[in-house]
Amino acid sequence: MSDCIFCKIIAGQIPSAKIYEDELIYAFLDISPINFGHTLVIPKEHHQSAAAIPENVAGRMFHVASRIGILLKRMEEFDAYNLHLADGTAAGQVVMHAHLHVIPRGAEDNFRWNWRQLNYPEGKMAEIAGSIAEKLQKKLAE
């Protein structure tokens, strides 16, 4: 996609601090990191939604992202890492090229996700779980 900043990075039109590249994915440091070492892992093909990424590419993204997270823990002495993928503007996606964040975390980094926690009314959890499971089973059988 010609106006996508991530496609331009992959094409070499915009510089990036590359961490990893293979035939399917590209990983580079985020220019506005939550913590230093914050890395983005993206498919080389433009996919706006994570749902459109082929399974082998998505699997590769998560495999490499977890390895980057482990290395960040060892190299920078972080305690943990988050893998975060926002799919759609309502979920916080800013760049409309699917991407997976690898965010190194420390116990004292003072970053909080700030999401709310709801309580299910009686019976609602089982109802929703049943509905999702039924639809998922049909979708995976296609």
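Look a little higher up for the structure.
Cut-offs used in this document
- Residue numbers here run from 1 along each chain, matching the order of that chain's written sequence.
- Totals for whole chains, interfaces and linings use all residues, but because this is a predicted model, local features are given only for residues with pLDDT of at least 70 and pairs of side-chain atoms are given and counted only at 80 or more.
- The basis for every side-chain value is the complete set of non-hydrogen atoms in the structure, without hydrogens or water.
- Salt bridges, as used here, are contacts in which a Lys or Arg side-chain nitrogen is within 4 Å of a carboxyl oxygen on Asp or Glu.
- The helix and strand labels rest on DSSP assignments: H or I over at least four residues marks a helix, E over at least two residues marks a strand, and numbering proceeds from the N terminus.
- Buried, partly exposed and exposed residues are distinguished by accessible area as a fraction of the type maximum, computed with a 1.4 Å probe on protein chains only: under 20%, between the cut-offs, and over 50%, respectively.
- A pocket, in this scheme, is an open set of points on a 1 Å grid over the protein atoms alone with protein on both sides within 12 Å along at least 5 of 7 lines, while a cavity is a set where a 1.4 Å probe fits but cannot get out; residues line either one if an atom lies within 4 Å of a point.
- Grid points are joined across faces, edges and corners, and a volume is the space filled by probe spheres set on the points.
- Charged means Asp, Glu, Lys or Arg here, nonpolar means Ala, Val, Leu, Ile, Met, Phe, Trp, Tyr, Cys or Pro, and polar covers whatever is left, Gly included.
- The pairing criterion for strands is at least two bridges between them, as found by DSSP.
- A pair of Phe, Tyr and Trp rings is counted when the ring centres sit within 6.5 Å of each other, with Trp represented by its six-membered ring. The angle between the planes then sorts it: under 30 degrees is stacked, over 60 is edge-to-face, the rest tilted.
- Helix axes are fitted to C-alpha atoms over the stretch in contact, other axes to C-alpha atoms as well, and angles between N-to-C directions run from 0 to 180 degrees.

Peer 1: Which residues make up the pattern of salt bridges, and what are the values?
Peer 2: Charged atoms that come close allow side chains of opposite charge to pair. All chains considered together, the criterion is met by eight salt bridges. Where lysine 18 meets glutamate 21, a salt bridge forms, and the shortest distance between an N and an O atom there is 2.9 Å. Salt-bridge contacts for lysine 124 lead to glutamate 127; the nearest nitrogen and oxygen are separated by 3.6 Å. Of this pair, lysine 124 and glutamate 127 both sit in helix H3 (residues 124-141), three residues apart, roughly one helical turn. For lysine 124, a relative accessible area of 33% translates into the label partly exposed. One network of salt bridges, with partners in common, ties together Lys18, Glu21 and Lys44.

Peer 1: How would you sum up the layout of surface pockets? Please name residues and give values.
Peer 2: Its volume calculated, the largest pocket comes out at about 460 Å³. Along its surface, the largest pocket is lined by 26 residues, and Phe6, Asp30, Leu40, Val95 and His101 are the ones closest to its centre. Of all the elements in the fold, those that place two or more residues in the lining of the largest pocket are helix H1 (5-10), strand E2 (25-29) and strand E5 (100-105). The biggest single contributor to the lining of the largest pocket is H1, with three residues. A breakdown of the residues in the lining of the largest pocket according to their chemical character gives 17 nonpolar, eight polar and one charged. Roughly 160 Å³ of internal volume is contained in the second largest pocket. If you go around the second largest pocket, the residues you meet are Ile19, Leu29, Phe36, Gly37, Thr39, Ile68, Leu71, Leu72, Met75 and Glu76.

Peer 1: Residues and numbers for the pairing of E5, please.
Peer 2: Residues in a regular strand project their side chains so that they alternate between the two faces of the sheet. E5 sits mainly inside the fold: six of its six residues count as buried. Covered by surrounding structure in E5 are Leu100, Val102 and Pro104 together with His101, Ile103 and Arg105, the residues of both alternating faces. Here strand E3 (residues 39-43) pairs with E5 via three bridges, running antiparallel. Within the sheet, the bridge partner assigned to valine 41 lies in E5 and is leucine 100.

Peer 1: Residue-level account of the packing of aromatic side chains, with values.
Peer 2: Enumeration over the complete set of coordinates arrives at four aromatic pairs. Taking 5.0 Å as the distance between ring centres and 85 degrees as the angle between the ring planes, the aromatic pair formed by phenylalanine 111 and tryptophan 113 counts as edge-to-face. A relative accessible area of 22% means that phenylalanine 111 is categorised as partly exposed. Measuring from ring centre to ring centre gives 6.2 Å for tryptophan 113 and tryptophan 115, while their planes differ by 15 degrees; the resulting arrangement is stacked.

Peer 1: Hey, could you go over the sheet that holds strand E1 (residues 18-21) for me, with residue numbers and the actual values?
Peer 2: Hydrogen bonds along the backbone pair up the strands of a sheet, which may run parallel or antiparallel. What the five strands build is an open sheet, ordered E1-E2-E3-E5-E4; its pairing is antiparallel. The sheet is open, and its two edges are formed by E1 and strand E4 (80-84), each paired on a single side. In this sheet, adjacent strand axes meet at a mean angle of 15 degrees when their direction is disregarded. Bridging between E1 and E2 involves three bridges; their strand directions are antiparallel. Considered in E2, the bridge of tyrosine 20 is made with alanine 27.

Purely spatial values, then, with no claim about function.
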